[in-house]
Amino acid sequence: MNFRLGEFHAFSGGGRRFLYTVPSAGIFELDDTSAAVLARLSQGEATQEELLAAADAETIGELYQARIIATTEAFVDPPQPLPDNFPLQTMVMNLTNQCNLSCQYCYEFGEDKVATPEGKPKFMDFETASASVDYLFTQSAGRHGVHITFFGGETLMNFPLLKKVVDYAKQKAADQGRAIDFSLTTNATLLTPAIIEYLSANEIGVTVSMDGDKASHDKFRVFANGKGSYDIIEPRVRELIKEHKTRPIVARVTMTSQAMDVLGTYRHLKNDLGFHEIGFAPVTTSPNRLYSIDNRGLDSVLDQFGVLASEYLDHALRGEHHGFSNVSDTLAELHQGVNKSHPCGAALGLVGVGPSGDIAPCHRFVDSDTHTLGHVSTGIDKAKQNDFLSRGHIQVKTDCRTCFARPLCAGGCHHEAYVRYGDTGHPNLHYCDWIRGWTNICLEIYGAIAAQNPDFLRHFSDRKAAA
Amino acid sequence: MKHLRAVNHKARRIQEHIENDVVAMQGPPTPAGQRPHVPMGCSIVFSPGWEVDSSGGTAGLCQPVERDLYDCYISCYWPAQVPDHMNNYPDWTAKCAAATKDWRNIDLVFP
């Protein structure tokens, strides 16, 4: 019987050798003997006797049992059936589908929109909102904590409803002896001192959609008359960061072909404005849009991400916080050893609810007739949910079968896939190289931290445990 | 594990699994040093298919392999080739009171 290499991704960090095992998502450090076995097998298959020339039986046994090396019969990933009853954890409530900005790249209003809001309510009413909260509490039975994210449109255009929902949901949680927390995403144009005080007093997490300095931000984030929104939001954002003390304030940056200055944007949002965390994502678009980022652009973005990531590492080795949340989010998943059947919690632990009360897999599909899964008054249509989840399952994505990044990526965003390929279950092939490059960078950082300042990783245990 | 250091949570779970698992039942042969310590001549289980010693042989077992025949017949779901004691050979084990002692007394049957 011959031995061969199993499935893993080798990387180094802090001068040590590590493996990321696939698909189990374990991270192991190698010693010289185990490295020698892998070096031998990287030249081709070997018999047990040949391997014993490179290392002792104990080492070979360990590698074999961790499936880092295998016999010539392949291991088969055990099938992962869809869970029949997966309790909800998070509800994204689109309080309104109206917005006071007209960002050209918007997935809700732009050229690639999936929403069909015609004839549906523009603002959610309290009856629908309270029914949604009831639905969340019923469907999350068994979980202690639940989470509501307020979304839009522009969330703050329906601020009166937000306050009522917070009161209602808090009361409900108290009655049931459970925990609830809230967050919202906003374009920051409508923030007032009173609203900021309310958000801080109620510990509501705030994410601001903001694309960088004035030049970058105003390229797409404009009012209906074409005027940029930077000058309006800048003082409001400063006020928010100054006065909202109870939760970290996060900026969420959408990158386009015309705004790819990651480093400049990060410095501006972190140092000039004072955001605690900044997360970046490329715009979701069909490939022919002028603002879509091509492969060359993606390479540049990855290079800049790499620079910020090594800054993150320097901070982490000194035990300090760095605000580049793309790294911290990935490290949290690597630390846990997440191995995903689906790219995200959409239609599993998370749903989006539109102003009409229609339930969608997530906020990005809200108000889209094609993607509606049900209604908060009648629940989710199991057949539709199963169809959505079966399409998105990693095991049906044949393109992903040999990719080392699949435990984390699982094919990527369902919505992105729909916009690009017309199928929520299609792997996002346009990002594969990028995702692998990014995963490798994060693995190297993880390895370096594990080697040089392992105590820092405790942040990620706490973080995941809280979720 | 000595030559791999589990770094993240999942790796630690894999390590636990490996260290607590029954190594004998894991399929393809593992190198000699990794096998559980079973003294030559013992079989640890009395069930069909498992009666081999630590070198994979049957010659030096404490319990005779022949007792499997009886085990299949009395207590096991395994569809073994044993005589039909319901109709044709009701007495074929009559002289065997305790398999481990009296197995030689099990009748041979030539259908």
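Let me begin by describing the structure that accompanies this report.

Cut-offs and rules
Residues numbered from 1 in each chain as written. Chains lettered and ligands numbered in written order. Predicted model: local features only at pLDDT ≥ 70, side-chain atom pairs only at ≥ 80, totals over all residues. Heavy atoms only, no water. Helix = DSSP H or I, 4+ residues; strand = E, 2+ residues; numbered from the N terminus. Buried < 20%, exposed > 50% of the residue type's maximum accessible area, 1.4 Å probe, protein only. Contact = heavy atoms within 4.5 Å. Pairing = 2+ DSSP bridges. Axes fitted to C-alpha atoms, helices over the stretch in contact; angles between N-to-C directions. Parallel < 35°, antiparallel > 145°, perpendicular 65-115°, else oblique. Nonpolar A, V, L, I, M, F, W, Y, C, P; charged D, E, K, R; others polar. Phe/Tyr/Trp six-rings, centres within 6.5 Å; stacked < 30°, edge-to-face > 60°. Lys NZ or Arg CZ within 6 Å of the ring centre and 35° of its normal. Salt bridge = Lys/Arg side-chain N within 4 Å of Asp/Glu carboxyl O. Disulfide = S-S within 2.5 Å. Polar contact = N/O pair within 3.5 Å; in protein donor to acceptor, adjacent residues only side chain to side chain. Expected span 1.5 Å × (residues − 1). Arc of directions from axis to C-beta.

### Structural notes on the overall build of chain A
Thought 1: Along its length, chain A carries 16 helices and 16 strands.
Thought 2: A burial count over chain A gives 54% of its 467 residues as buried.
Thought 3: Counting contacts in chain A only where the partners sit at least 6 residues apart, residues at least 24 apart contribute 72% of the total.

### Here we look at the sheet that holds strand β9 (residues 179–186) of chain A
Residue and element names in this part refer to chain A.
Thought 1: The sheet built from 10 strands is open, its strands ordered β12-β11-β10-β9-β8-β7-β13-β14-β15-β16 with mixed pairing. Looking at the sheet topology across the chains shown, the edges are occupied by β12 (277–282) and β16 (379–380).
Thought 2: As paired elements, strand β7 (residues 90–94) and strand β8 (residues 145–151) share 5 bridges and run parallel to each other. Residue pairing for β8: V92 is matched across the bridge by T149.

### Some thoughts on the sheet that holds strand β1 (residues 4–6) of chain B
Sheet strands associate in pairs through backbone hydrogen bonding, adopting either a parallel or an antiparallel arrangement.
Thought 1: Strand order in this open sheet of 4 strands is β2(A)-β3(A)-β4(A)-β1(B), and the pairing throughout is antiparallel. The two strands at the open ends of the sheet, each matched to only one other strand, are β2 (8–13) of chain A together with β1 of chain B. Pairwise comparison of adjacent strand axes, ignoring direction, gives a mean angle of 30° for this sheet.
Thought 2: Both strand β4 (residues 27–30) of chain A and β1(B) contribute to a ladder of 3 bridges, which runs antiparallel. From the neighbouring strand, A:F28 faces β1(B), where its bridge partner is B:A6.

### Description of the packing of helix α9 (residues 262–273) of chain A against helix α10 (residues 295–317) of chain A
Residues and elements named next belong to chain A.
Thought 1: Running from N to C, α9 and α10 cross one another at 45°; their axes reach a closest spacing of 9 Å. Between α9 and α10, the interaxial angle falls into the category oblique. Contacts from V262, L263, Y266 and R267 in α9 reach V301, Q304, F305, V307, L308 and E311 in α10.
Thought 2: Its residues placed into classes, the contact of α9 with α10 shows 7 nonpolar, 1 polar and 2 charged.

### Thoughts on the packing of aromatic side chains
Residue and element names in this part refer to chain A.
Thought 1: Evaluated as defined, the whole model comprises 18 aromatic pairs over all chains.
Thought 2: When the centroid spacing of 5.3 Å and the interplanar angle of 35° are considered together, the rings of Y105 and F220 count as tilted. Here the residue Y105 occupies a position in the loop between β7 and α4 (126–139), and F220 occupies one in helix α7 (residues 214–220), the gap between them amounting to 115 residues.
Thought 3: Look at Y105 and you get buried, because its relative accessible area is 7%.
Thought 4: A connected cluster of aromatic rings, assembled from ring pairs, spans Y266, F280, F305, F324, W434 and W438.
Thought 5: A cation over a ring is seen here: K163 above Y198, with NZ or CZ 5.8 Å from the ring centre.

### Some thoughts on the pattern of salt bridges
Thought 1: On inspection of all chains with the given rule, the structure shows 23 salt bridges over all chains.
Thought 2: The salt bridge involving A:D369 is made with A:K120; its shortest N-O contact spans 2.7 Å. Of this pair, A:D369 sits in the loop between β14 (358–360) and β15 (374–375) while A:K120 sits in the loop between β7 and α4; the two residues are 249 residues apart in sequence, bridging distant segments of the chain.
Thought 3: For A:K120, a relative accessible area of 16% translates into the label buried.
Thought 4: Taking the shortest distance from any N to any O, the salt bridge between A:R318 and A:E320 comes out at 3.3 Å.
Thought 5: For A:E320, a relative accessible area of 37% gives the class partly exposed.
Thought 6: Each of the salt bridges in this network shares a partner with another, and the network as a whole consists of A:R16, A:E29 and B:R5.

### Section: the state of the cysteines
What is meant by a disulfide is a covalent connection between two cysteines, made through their sulfur atoms.
Residue and element names in this part refer to chain A.
Thought 1: Applying the stated criterion across every chain, the model contains 0 disulfides over all chains.
Thought 2: With no disulfide partner, C344 has as its closest neighbouring cysteine sulfur the one in C362, 6.3 Å distant.
Thought 3: Classification of C344 as partly exposed rests on a relative accessible area of 34%.
Thought 4: No disulfide involves C413; its sulfur sits 6.5 Å from that of C362, the nearest cysteine.
Thought 5: Its relative accessible area of 34% is what places C413 among the partly exposed residues.

### Comments concerning the interface of chain B and chain A
Thought 1: Every contact between the two is made by 22 residues of chain B and, on the other side, 37 residues of chain A.
Thought 2: Across the chain B-chain A interface, the total number found is 2 salt bridges.
Thought 3: Of the charged contacts in the structure, one is a salt bridge between B:R5 and A:E29, with a shortest N-O distance of 2.7 Å.
Thought 4: One can count 18 residue pairs in polar contact (both at pLDDT 80 or more) joining chain B with chain A.
Thought 5: For the side of chain B that touches chain A, the elements supplying multiple residues, two or more each, are β1 and α1 (9–20) of chain B.
Thought 6: Top contributing element to the side of chain B that touches chain A by residue count: α1(B), with 5 residues.
Thought 7: Taken together, the residues of the side of chain B that touches chain A break down into 12 nonpolar, 7 polar and 3 charged.

### Some words on helix α8 (residues 230–243) of chain A
Thought 1: Under the 1.5 Å per step criterion, the end-to-end length of α8(A) is 20 Å for 14 residues, consistent within 8% with the ideal 20 Å.
Thought 2: On the buried face of α8(A), the contacting elements are α6 (193–201), β10 (205–209), α7, β11 (249–255) and α9 of chain A.

### Considering helix α5 (residues 159–176) of chain A
All names here are of chain A.
Thought 1: For α5, built from 18 residues, the straight-helix expectation of 26 Å at 1.5 Å per residue is met to within 8% by its first-to-last C-alpha distance of 26 Å.
Thought 2: Here α5 has its buried residues at F159, L161, L162, V165, V166, A169 and A173. On an axial view of α5, the arc spanned by its buried residues comes to 140°, and they lie on one face. Facing away from the buried side of α5 by over 90 degrees, the exposed positions are P160, D167, A174 and D175.
Thought 3: Just beyond α5, the residue with positive phi is G177, at close to 65°.

### Section: the side chain of A:T59
Thought 1: With respect to the element layout, A:T59 can be found in helix α3 (residues 57–65).
Thought 2: Among the polar contacts made by the side chain of A:T59, one reaches the side chain of A:D56 at a distance of 2.7 Å.
Thought 3: If near-sequence neighbours (up to four positions away) are discounted, A:T59 is found in contact with A:T33, A:S34, A:V37 and B:H3.

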